[in-house]
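# Descriptive structure summary
Chain residues, written in single-letter form:
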Amino acid sequence: MDVRAQIVMAFHLDKCIGCHTCSISCKNIWSDREGTEYMWWNNVETKPGLGYPRAWEDQQRYKGGWVIDGQKISLKSMRKTTSLLNMFFQPNLPAIEDYYEPFDFDYANLMEAKSADDQPVAEAYSRITGQPIEQIKGSANWDDDLGGSRLYAARDLNLQQAKLVEEYDTLFMQYLPRICNHCLNPACMASCPSRALYKRAEDGVVLVDQNICRGWRFCVSSCPYKKVYFNWQSGKAEKCIFCYPRVETGQVNACAQSCVGRIRYVGVLLYDAEGVEAALLKEDAELVQATRALILDARDPRVREAAAANGISEEWLAAAARSPIYTLVKEFEVALPLHPEFRTMPMTYYIPSLSPVLSVYGESHKLLEHGMIPEPETLRVPVDYHARLLAGGNRQIVESVMKKMFTLRVFMRGENLGRPIDPGILAAAGLDREGALRLYRLFALAGYNERNVIPPQQREDQESESRRKGAGFGILTKTRKNR
Ligand code: SF4
Ligand code: SF4
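Below: a short report on this structure. Throughout, a residue's number is its position along its own chain's written sequence, starting from 1. Lettering for chains starts from A, numbering for ligands starts from 1, and both go in the order in which the items are written. Selection of residues for local features in this predicted model requires a pLDDT of at least 70, selection of side-chain atom pairs for listing and counting requires 80 or more, and totals for whole chains, interfaces and linings are taken over all residues. Side-chain numbers come from the whole structure's heavy atoms, not from hydrogens or water.

### So, the packing of aromatic side chains
Note on aromatic pairs: each is described by the distance of the centres and the angle between the planes. Pairing of aromatic rings covers Phe, Tyr and Trp, the last through its six-membered ring, and needs centres within 6.5 Å; plane angles under 30 degrees mean stacked, over 60 mean edge-to-face, and all others mean tilted. Tallying each qualifying case throughout the model produces 12 aromatic pairs. Relative to tyrosine 350, the ring of phenylalanine 11 has its centre 4.8 Å away and its plane inclined at 10 degrees; by these criteria the two rings are stacked. With a gap of 339 residues between them, phenylalanine 11 in strand S1 (residues 3-12) and tyrosine 350 in strand S15 (residues 348-351) connect regions that are remote in the sequence. Under the relative-accessibility criterion, phenylalanine 11 is labelled buried at 0%. Measuring from centroid to centroid gives 4.8 Å for tyrosine 38 and tyrosine 99, while their planes differ by 70 degrees, and the two rings are edge-to-face. Runs of H or I in DSSP of at least four residues are treated as helices and runs of E of at least two as strands, each being numbered from the N terminus. Working definition: with a 1.4 Å probe on protein chains only, accessible area under 20% of the residue-type maximum means buried, over 50% means exposed, and in between means partly exposed.

Shown next as structure tokens:
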């Protein structure tokens, strides 16, 4: 057992109101500089929708992530023959139109315009060329709230694969906040010829060393989530840094701190690095279970012993033992990874949305009145859509989460009305009374310190060369000791 620690964020999609406060707080702190105008390290997309950059999920086009190649996996974007050619030309990069041409408004004109018949206006101008933009044709969330959905959202790949294009606008809409996933098998890192990207040994945060980066942009091509950006001013790659200067001082990430819906959870997971390679070779539909199987219980004495041997401190073990992420991902199995089939093993997790609890196929919402659990297929958010988004196409996994979430609602309704439900209904969803109350507390009542369990860490205590060197998942077989 090779125990590693990873700091992880989880998102409860039912609670996201799409206010973008998280994106703004991130932008104000980290990407408010020349060359970073178009970067949104944290962005919030409307789903169904094309997202940001447009159609980032389409790996036929962008060739991000990993593919199974015999008995190993290899980067989709880097074949031996093409890698050298691509040193000076990256054919699969998103263009500026796929992000959007960053713009601002000429507010000075409102104050300084000469007297005239018409009211002065603040015209849009390009932050790149400085020239006026007659018509804005894109932004970081262009299909916000299904705006222009017939043009944009209908091209959502998950929707197409789930064969829901015809009916989606009568079905559902939800928000999807995204940051870098600080993956266990980061494609960005594996693709970098300069080895500028690295994964920190102590917490698994993936960073770009600005002194080493030479601007090859292989990382931008290889990241299937398009969460590395090229700074046109500095000529270097930049990405979400998991707010490490905040986390190192015990503060939660700016996006999570400012989240209006309190949808975010931050905590530590322990995992067995020895099993990563084999897990990545599983079929798409088996990847969620394979990743879950790698996650270790920090209360298990054998795990603690192996973790201590790898240099994981008592404070981190204590934080891992009360991690809300462990509760959501492993204990109750209600949080799922985004597009596990990209095989980067993302370390952010999503609790799929159930709300609004309405049926389009019948009157299943009325079952709530009678304390009955409807079949997940009859709910408003299609199981197939979430299966494409969060489970490598595995419907059973999503159905099991949906059933748990719905049962929890029925249970709490019964509790609040003084009409407790039959324990058999809870058991059928894999819950018991104590577990249901704990899950409800985490979803609805938990305060700041329950939602965010960040262990203390001090950089000066870390080894000076605390990088997981190398490229691809091979690096994960090195322990701190033998590095
Ligand atoms: S999402 Fe994963 S592959 Fe993409 S930049 Fe982050 S760590 Fe790298
Ligand atoms: S601040 Fe929270 S609720 Fe608002 S968009 Fe961001 S994740 Fe959603």
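### Details of the site of ligand 2
If even one non-hydrogen atom of a residue comes within 4 Å of a molecule or strand, that residue is called near it. Around ligand 2, a shell composed of 14 residues is seen, among which Cys16, Cys19, His20, Cys22 and Cys259 lie nearest. For the shell around ligand 2, the residue count by class is 9 nonpolar, 4 polar and 1 charged. Gly counts as polar in this scheme, as do all residues outside two lists: the nonpolar Ala, Val, Leu, Ile, Met, Phe, Trp, Tyr, Cys and Pro, and the charged Asp, Glu, Lys and Arg.

### Here we look at the environment of proline 352
Within the secondary structure, proline 352 sits in the loop between S15 and helix H17 (383-390). Classification of proline 352 as buried rests on a relative accessible area of 1%. Considered as a pair, proline 352 and valine 381 are 29 residues apart in the sequence and their alpha carbons are 9.3 Å apart. Setting aside residues up to four positions removed in sequence, proline 352 forms contacts with Leu13, Val334, Leu336, His386, Leu390, Val401, Met402 and Met405. The contact rule is simple, with two residues in contact once any of their heavy atoms fall within 4.5 Å.

### Notes on the pattern of salt bridges
Should a side-chain nitrogen of Lys or Arg be within 4 Å of a carboxyl oxygen of Asp or Glu, the pair is scored as a salt bridge. Per the counting criterion, the structure on display carries 23 salt bridges. Salt-bridge contacts for arginine 4 lead to aspartate 2; the nearest nitrogen and oxygen are separated by 3.2 Å. Take arginine 4: its relative accessible area is 5%, and that puts it in the buried class. Judged by its relative accessible area of 3%, aspartate 2 falls in the buried class. Between arginine 302 and aspartate 300 there is a salt bridge, with the nearest N and O atoms lying 3.8 Å from each other. Through salt bridges with shared partners, a single ionic network connects Arg200, Glu202, Asp203 and Glu248.

All we've got here are geometric facts, nothing functional implied.
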